[in-house]
Amino acid sequence: MSSTSLPGGTWTLGDLTVTRFGYGAMQLAGPGVMGPPADPDGALAVLREAVALGVTHIDTSDAYGPHVTNELIRAALHPYPQALHIVTKVGATRDPQGGWPPARQPAQLRRAVHENLTNLGLDVLDLVNLRLGDAQGPRPGSLAEAFGTLADLRQEGLIRHLGVSNATAEQVVEAQQIAPVVCVQNLYNLAYRQDDALIDALAEQGVAYVPFFPLGGFSPLQSAALSAVAARLDATPMSVALAWLLHRSPNILLIPGTSSVAHLRENVVGAGLALSDEDLAELDKIGR
Ligand SMILES: NC(=O)c1ccc[n+]([C@@H]2O[C@H](COP(=O)([O-])OP(=O)(O)OC[C@H]3O[C@@H](n4cnc5c(N)ncnc54)[C@H](OP(=O)(O)O)[C@@H]3O)[C@@H](O)[C@H]2O)c1
């Protein structure tokens, strides 16, 4: 399958063309996103299959493992195909209990960018998201110092494009006053639609919105209405949830996570599911 035949076509992040169907690599680390996977060869196979299917957008972070996911990406895919764009994020680290404490001091961000470059084997990072808030979600407050540090690193030539993650709408606006923002990566799916207004506003500006937990993350999406539509279409709820996101807005990019080649293939096919107006109206009610 070539890039252009992946469901949803392509989107441009700054000057980088990516497939709207991307891949989220977090699930490749061990349990709790800590340590190595039980099946390292299987993890490498998932990454290689994503690229073979035409995916040109992989989402990662050095916080996954920590470092494990980036090292797997490098082992599987380096030297990278020219069309492939790896999006990473900084602003959180890991503690020994598997927590995700913030790491947004300028020195921590600088170190994180350099570690991502080393672990991914790159001279320049295509896109770096500043992760804000905490594990409970976005938190209000200025991002000026942290985002300004990433803007400086961009000026220094270590980063091509910037985004924000786990951000409030106000923080997106504040970031845009400091440097161009090409994407916002927040929690959003069929059942959790806090960002509906933000998605529409970003679509008007041509800024990508990249939902994390598109399939519900650690608690798979469950809804009677979703199951009913899936049964009617003879499809899985996962397929319907991904196809719905592609229909929801043209600026939505998918980064579903999986540690399974079979699930990855299912998701590529599933995201291309055609949804009728009747299906969309029924699905629209779930998260409203
Ligand atoms: N910015 C942030 O703060 C943040 C936070 C969380 C995640 N992220 C990013 O978002 C990406 C996506 O999130 P996520 O991976 O946590 O959640 P997700 O994509 O919503 O769901 C992943 C889960 O769904 C399962 N799954 C996937 N396809 C399936 C299928 N066809 N059939 C059955 N089960 C299936 C996976 O299990 P299997 O492995 O068994 O397939 C996994 O448990 C991550 O990889 C990461 O890059 C960002």
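Bear in mind that the values here come from a model prediction, so they are computed numbers and not experimental data. As a convention, each chain's residues are numbered from 1 in the sequence order in which they are written. For a predicted model such as this one, the threshold for reporting local features is a pLDDT of at least 70, and the threshold for listing and counting side-chain atom pairs is 80 or more; totals across whole chains, interfaces and linings nevertheless cover every residue. Side-chain numbers here rest on the full set of heavy atoms in the structure, without hydrogens or water.

Our next topic: the overall build of the protein. The numbering of helices and of strands both runs from the N terminus, where a helix is a DSSP run of H or I of at least 4 residues and a strand a run of E of at least 2. Regarding its fold elements, the protein presents 10 helices and 9 strands. Only the C-alpha atoms count toward the radius of gyration. The rule for a globule is 2.2 Å times the residue count to the power 0.38. Taking 288 residues into account, the globule formula puts the C-alpha radius of gyration at 19 Å, and the protein, at 18 Å, falls close to it. Taken along the three principal axes of its C-alpha coordinates, the protein extends 55 × 40 × 40 Å. Residue burial is assigned from relative accessible area. The probe radius is 1.4 Å, only protein chains are included, and a residue is buried under 20% of its type maximum, exposed over 50%, and partly exposed in between. Expressed as a percentage of the 288 residues in the protein, the buried residues total 53%. Contact criterion: two residues are considered in contact whenever any of their non-hydrogen atoms come within 4.5 Å of each other. Within the protein, contacts between residues at least 6 apart in sequence are counted, and of these 75% link residues at least 24 apart. Working definition of accessibility: Shrake-Rupley area with a 1.4 Å probe, residue cover restricted to the visible protein chains. With an accessible surface of roughly 12,100 Å², the protein has 53% of that area assigned to carbon and sulfur atoms. A distance of 2 Å separates the average location of the 18 positive side-chain charges in the protein from that of its 28 negative side-chain charges. As used throughout, the charge tally considers Lys and Arg to be positive and Asp and Glu to be negative, leaving His and the chain termini uncounted. Here the site of a charge means atom NZ of a Lys, CZ of an Arg, CG of an Asp or CD of a Glu.

Looking now at the pairing of strand β7 (residues 159-165). Most of β7 is tucked away, with 6 of its 7 residues classed as buried. As defined by bridge partners, strand β6 (residues 125-131) adjoins β7 across 6 bridges and the pair is classed as parallel. Bridge pairing in β7 places Leu125 opposite Ile159. As for the winding sense of the linkage, the β-α-β connection from β6 through helix α4 (residues 144-155) to β7 is right-handed. A clockwise path from the first strand over the helix to the second, with the strands pointing away from the viewer, defines a right-handed crossover. After leaving β7, the chain enters helix α5 (residues 169-178) and then returns to the sheet as strand β8 (residues 181-185), a path that is right-handed. Strands were regarded as paired on the criterion that DSSP finds at least two bridges between them.

Before going further, it helps to spend a moment on the site of the ligand. Residues are classed as near a molecule or strand on a simple rule: at least one heavy atom within 4 Å of it. Around the ligand, 25 residues are found, and the nearest of them are Asp59, Ser165, Leu215, Thr258 and His263. Pairs of N or O atoms within 3.5 Å make up the polar contacts considered here, provided that, within protein, one atom can donate a hydrogen while the other can accept it, and that residues adjacent in sequence are counted only when both atoms are side-chain atoms. Residue Gln27 places a side-chain N or O atom 3.0 Å away from an oxygen atom belonging to the ligand. The side chain of Arg131 places a nitrogen or oxygen atom 3.1 Å from an oxygen atom of the ligand. In the complex, the protein chains occlude 86% of the 900 Å² of accessible area that the ligand would expose alone. The element contributing the most residues to the shell around the ligand is helix α9 (residues 261-271), with 3 residues.

The next point concerns the pairing of strand β5 (residues 85-90). In terms of residue burial, β5 counts as a mostly covered element, since 6 of its 6 residues are buried. Every second residue of β5 is oriented toward a common face, with His85, Val87 and Lys89 on one face and Ile86, Thr88 and Val90 on the other, all of them buried. Judged from the 3 bridges that link them, strand β4 (residues 57-59) and β5 form a sheet pairing that is parallel. When the bridges of β5 are listed, His57 appears paired with His85. What joins β4 to β5 is helix α2 (residues 68-77), and the crossover it makes is right-handed. When β5 meets β6, the two strands line up parallel, connected through 4 bridges. Each bridged residue has a counterpart across the sheet, and for Val90 the counterpart in β6 is Leu130. For the segment spanning β5, helix α3 (residues 106-120) and β6, crossover handedness is right-handed.

Our focus in this paragraph is the side chain of Arg94. Turning to its location among the elements, Arg94 is positioned in the loop between β5 and α3. An unpaired buried charge is present at Arg94: no salt bridge exists, and Asp95, the closest side chain of opposite charge, is 6.2 Å distant. Looking at Arg94, its side chain comes within polar contact range of the main-chain oxygen of Gly98, at 2.9 Å. Here Gly99 takes part through its backbone oxygen, which lies 3.1 Å from a polar atom of the side chain of Arg94. Residue contacts for Arg94: discarding those within four places in its chain leaves Gly32, Val33, Met34, Ala63, Tyr64, Gly65, Pro66, Gly99, Trp100 and Pro101. Salt-bridge detection follows one rule: a side-chain nitrogen of Lys or Arg within 4 Å of a carboxyl oxygen of Asp or Glu.

Next up on the list: the side chain of Asn166. Within the secondary structure, Asn166 sits in the loop between β7 and α5. For Asn166, a relative accessible area of 4% corresponds to the buried category. Polar contacts involving the side chain of Asn166 include one to the main-chain carbonyl oxygen of Leu132, which spans 2.9 Å. Residues contacting Asn166, with those up to four places away along its chain left out, are Arg131, Leu132, Gly133, Asp134, Gly137, Pro138, Gln171, Gln185, Asn186 and Phe212.

This next bit is on the packing of aromatic side chains. Describing an aromatic ring pair means giving the distance of the ring centres and the angle of the ring planes. Aromatic pairing here means that ring centres of Phe, Tyr or Trp (its six-membered ring) are within 6.5 Å. Orientation follows from the plane angle: under 30 degrees is stacked, over 60 is edge-to-face, and everything else is tilted. Per the counting criterion, the structure on display carries 5 aromatic pairs. Each ring, one from Tyr188 and one from Tyr209, has its centre 5.7 Å from the other, and the planes form 80°; the classification is edge-to-face. Taken together, the positions of Tyr188 in the loop between β8 and α6 (196-205) and Tyr209 in strand β9 (residues 208-209) put the pair 21 residues apart, joining distant regions of the chain. Both residues of the pair, Tyr188 and Tyr209, count as buried. Here the aromatic rings of Tyr188 and Trp244 are separated by 6.1 Å at their centres, their planes lie at 20°, and the arrangement is stacked. Here Tyr188, found in the loop between β8 and α6, pairs with Trp244, found in helix α8 (residues 237-248); they are 56 residues apart in sequence, far enough to count as distant. Take Tyr188 and Trp244: they sit in the same class, and that class is buried. Chaining the aromatic ring pairs together yields one cluster made of Tyr188, Tyr209 and Trp244. One residue, Arg94, lies across the ring of Trp100, its end atom 3.6 Å from the ring centre. Note on criteria: charge over ring means Lys NZ or Arg CZ within 6 Å of the ring centre, with the direction from the centre no more than 35 degrees off the ring normal.

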